[in-house]
Amino acid sequence: MRIKMMVTGLLFASVGMAGVAYGDCVLHYERIACQGKEADSFKKCDGKATCDKAVKEATSKEACAAAALKACDNDRVDITKYKKITADLGGQPLTGGFDATGKANASGPNFCAANRPDMNKCQ
């Protein structure tokens, strides 16, 4: 009886872990603030330059990548100079981002192109 309970517990634990491993989209934010604007720029990450945020509704690679691309949008161009967004789905890094010049790079992890019109606009 005791072994049966242990096996059942392990089975439920592994099923629960598999659900987490294959369904969680996590975006990794890294912000570079305009000079003197660090407090405002980092506010969305609780005062830090980097943070992670889960996107529960993005359960496929395509949806997670789309969320990462959308997270690159910078509507505070006079506060945040640049954002780097990488993403994991189920703990596995997604690729399909851009290189440092803004050229599409299928193997790159950064979803934000350096040459976006809403980046590098600090006054």
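Not measured: the values here are computed from a predicted model. (Residues numbered from 1 in each chain as written. Predicted model: local features only at pLDDT ≥ 70, side-chain atom pairs only at ≥ 80, totals over all residues. Heavy atoms only, no water.)

Chemist: Summarise the overall build of the protein chain; cite the residues concerned and give the values.
Modeler: Scanning the protein chain for helices and strands turns up three helices and four strands. Reading the protein chain from its N terminus to its C terminus gives the helix and strand order α-β-α-β-α-β-β. Counting the 123 residues in the protein chain, one finds 34% classified as buried. Look at the contacts in the protein chain between residues 6 or more apart in sequence, and 64% of them connect residues 24 or more apart. (Helix = DSSP H or I, 4+ residues; strand = E, 2+ residues; numbered from the N terminus. Buried < 20%, exposed > 50% of the residue type's maximum accessible area, 1.4 Å probe, protein only. Contact = heavy atoms within 4.5 Å.)

Chemist: I'd like a rundown of the environment of C112, residues and numbers included.
Modeler: Inspection of the secondary structure assignment puts C112 in the segment after β4 (92-93). Sequence separation between C112 and L69 is 43 residues; the distance between their C-alpha atoms is 6.6 Å.

Chemist: For the packing of aromatic side chains, give the residues involved together with the corresponding values.
Modeler: A full pass over the atoms with the stated rule returns zero aromatic pairs. Just above the ring of Y29 sits the side chain of K53; from NZ or CZ to the centre is 5.2 Å. (Phe/Tyr/Trp six-rings, centres within 6.5 Å; stacked < 30°, edge-to-face > 60°. Lys NZ or Arg CZ within 6 Å of the ring centre and 35° of its normal.)

Chemist: Tell me about the pairing of strand β1 (residues 25-33), and please be specific about residues and values.
Modeler: Side chains C25, L27, Y29, R31 and A33 of β1 all project onto a buried face; the interleaved residues V26, H28, E30 and I32 project onto a face where none is buried. Sheet topology places β1 next to strand β3 (residues 80-89); nine bridges connect them, and they run antiparallel. Within β3, the position partnered with L27 by the bridge is A87. Strand direction decides the pairing type here: β1 and strand β2 (residues 50-54), joined by five bridges, are antiparallel. Paired with L27 across the bridge in β2 is K53. (Pairing = 2+ DSSP bridges.)

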